[in-house]
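Structure at a glance
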Amino acid sequence: MTRMREFGTTVFAEMTRLAVETGSINLGQGFPDTDGPERMLERAVEAVRGGWNQYPPGPGLPELRRAVAEHRARWYGLEYDPETEVLVTVGATEAITAAILALCEPGDEVIVFEPYYDSYAAAIALAGAVRRPVTLRPDAGRFTFDPDELAAAAGPRTRAILVNSPHNPTGTVFTREELETIARICRDRDLIAITDEVYEHLTFDGVEHVPLATLPGMRERTVMISSAGKTFSVTGWKTGWVCAPAPLVGAVQTVKQFLTFTASAPWQLAVAYALREEMDWVAAQRAALEAKRDRLMAGLKSVGFEVFTPAGTYFIQTDIRPLGFADGHELALRLPELAGVVAIPTQVFYDDPSRGRHYLRFAFCKKDEVIDEAVRRLQRLA
């Protein structure tokens, strides 16, 4: 159909295939090469062997919905009714897609901060809505937006703002001041905020993640989305959730039930346990990831890349121009041959690729020896 013709195979599938075909080190797709907490994994195995292998309830197992509500209250002071204000989804990607399909009419506009995760654009297109990008640009070593550009993007047809913080692919964590700017526009223009917070616990250097829903007047208009994949290093489990006022959750569930209906009772039970009992493991994982970030940053700088320090996520954004390259997509396709490494060209996450043509994204959620070998290979570029 016309509205989906701009979307082909995702860049993640393309680059992972290239890594496999060439035997390259994959620093492209954001998945860890180690597993999550052992006891959580055991809980999943116990659930499989204990007979939890049929359809769970459509909204999710009550045990997980209660654990999510407890987690929101404990970490952010946000109270959600697990019966009516929490919905379990097949990862955050389904949650975001279902939210956009449920809440946007054809012709409605959705503001996105670019570079944006590629599924956002596809979900907006599926809804027949129109994306309005606001570009994040480097400023003092981090990526941020121009408040005037954001205000100008919010027009009479704007229905929602899609906010990803900690932000993939730039690694930016929006400050409270930046979030207050977003919140003010949402309140003034009566907009819904859809927040992708899957990296909520993976912030570094003492940087605080502030959920948009905690700001005045925002809980009632925010669809808050997160998942277990990044927090507990189980990206393949695809277990996510939506927290929002009951009318918004009801709308999202109406769509979600016809996408996947439900999934993965064993994973849901294991994640419920982890949200209550394994946050110390998450703190240790965050510290380990911060060290991996610093390790890869130092290596990329030694190669000659300009490196932007991420305050969160799995990813480092680099500028390729100091090495004499101008096109990130071209370099990404050649990198396996030149250095035996795969990365992601950031330009594919922009409406106008020229705005991100000189960026390349590397993932640091890998074993130290993998990072070191990747850096050794990349030295060939220098």
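Residues numbered from 1 in each chain as written. Predicted model: local features only at pLDDT ≥ 70, side-chain atom pairs only at ≥ 80, totals over all residues. Heavy atoms only, no water.

An unreviewed UniProt entry lists the protein under the name Aminotransferase class I and II, with Thermobispora bispora given as the organism. In its Sequence similarities (unreviewed entry) section, UniProt records this for the protein: "Belongs to the class-I pyridoxal-phosphate-dependent aminotransferase family." As its UniProt record puts it under Cofactor (unreviewed entry), the protein is described as follows: "pyridoxal 5'-phosphate". (UniProt positions renumbered as here; feature names shortened; annotations may be inferred.)

**Points about the overall build of the protein**
When helices and strands are tallied, the protein shows 13 helices and 15 strands. Computed over its C-alpha atoms, the radius of gyration of the protein comes to 20 Å, within 12% of the 21 Å expected for a compact globule of 382 residues. Out of the 382 residues in the protein, the part that is buried amounts to 57%. Once local pairs closer than 6 in sequence are excluded, the contacts in the protein between residues at least 24 apart make up 75%. Taken as a whole, the protein presents about 15,100 Å² of accessible surface, with 50% of it coming from carbon and sulfur. The distance from the centre of the 41 positive side-chain charges to the centre of the 51 negative ones in the protein is 3 Å. (Helix = DSSP H or I, 4+ residues; strand = E, 2+ residues; numbered from the N terminus. Rg over C-alpha atoms; globule rule 2.2 N^0.38 Å. Buried < 20%, exposed > 50% of the residue type's maximum accessible area, 1.4 Å probe, protein only. Contact = heavy atoms within 4.5 Å. Areas by Shrake-Rupley, 256 points an atom, 1.4 Å probe, with all protein chains shown as cover. Lys, Arg positive; Asp, Glu negative; His and termini not counted. Charge placed at Lys NZ, Arg CZ, Asp CG, Glu CD.)

**Some remarks on the domain arrangement of the protein**
Reports of interface size often rely on the accessible area that becomes lost once the parts have come together. According to the domain assignment, the protein consists of domain 1 (2–36 + 279–381) and domain 2 (38–278). One C-alpha centre belongs to domain 1, the other to domain 2; they are set 24 Å apart. In this assembly, 40 residues from domain 1 lie in contact with 46 residues from domain 2. Taking both sides of the interface into account, the surface hidden between domain 1 and domain 2 amounts to around 3,600 Å²; carbon and sulfur atoms contribute 60%. In this assembly, domain 1 and domain 2 are joined by 3 salt bridges. With its nearest N and O atoms 2.7 Å apart, the salt bridge here joins Arg-293 to Asp-205. (Domains from an automatic or database assignment. Buried area = accessible area lost by both parts, 1.4 Å probe. Salt bridge = Lys/Arg side-chain N within 4 Å of Asp/Glu carboxyl O.)

**With respect to the sheet that holds strand 14 (residues 344–345)**
Reading across from one edge, 11-12-15-14 is the order of the 4 strands in this open sheet, with antiparallel pairing throughout. Looking along the sheet, the strands with just one partner apiece sit at the ends: strand 11 (306–308) and strand 14. The pairing of strand 12 (residues 315–319) with strand 15 (residues 359–363) spans 5 bridges and is antiparallel. The residue of strand 15 that forms the bridge with Phe-315 is Ala-363. Across the sheet, helix 11 (residues 279–303) touches strand 11, strand 12 and strand 15, and the angle it forms with strand 12 is around 15°. (Pairing = 2+ DSSP bridges. Axes fitted to C-alpha atoms, helices over the stretch in contact; angles between N-to-C directions.)

**Thoughts on empty space enclosed by the protein**
A complete count under the given rule lists 2 cavities of 30 Å³ or more for this structure. Reported here for the largest cavity is a volume of approximately 70 Å³. Lining the largest cavity are Gly-58, Val-88, Thr-89, Val-90, Lys-238, Thr-239, Lys-256, Thr-262, Ala-263, Ser-264 and Gln-268. Taken together, the residues of the lining of the largest cavity sort by class into 3 nonpolar, 6 polar and 2 charged. A volume near 40 Å³ is recorded for the second largest cavity. Taken together, Val-163, Ser-165, Leu-179, Thr-195, Glu-197, His-209, Val-210, Pro-211 and Leu-212 form the lining of the second largest cavity. (1 Å grid on protein atoms, 1.4 Å probe; cavity = no way out; pocket = protein on both sides within 12 Å on 5 of 7 lines; lining within 4 Å. Points joined across faces, edges and corners; volume = space filled by probe spheres on them. Nonpolar A, V, L, I, M, F, W, Y, C, P; charged D, E, K, R; others polar.)

**Section: the pattern of salt bridges**
If you walk through the whole model with that rule in mind, you get 27 salt bridges. The partner of Glu-109 in a salt bridge is Arg-132, with the nearest N and O atoms 3.1 Å apart. Note that Glu-109 is positioned in strand 3 (residues 109–114) and Arg-132 in strand 4 (residues 130–135), a separation of 23 residues in sequence. For Glu-109, a relative accessible area of 13% puts it in the buried group. Put simply, Glu-149 and Arg-137 hold a salt bridge, and the shortest N to O gap is 3.0 Å. Of the two residues, Glu-149 is situated in helix 6 (residues 147–153) and Arg-137 in strand 5 (residues 137–139); the sequence distance between them amounts to 12 residues. For Arg-137, a relative accessible area of 38% corresponds to the partly exposed category. Sharing partners across several salt bridges, the network here consists of Glu-63, Arg-66, Glu-70 and Arg-276.

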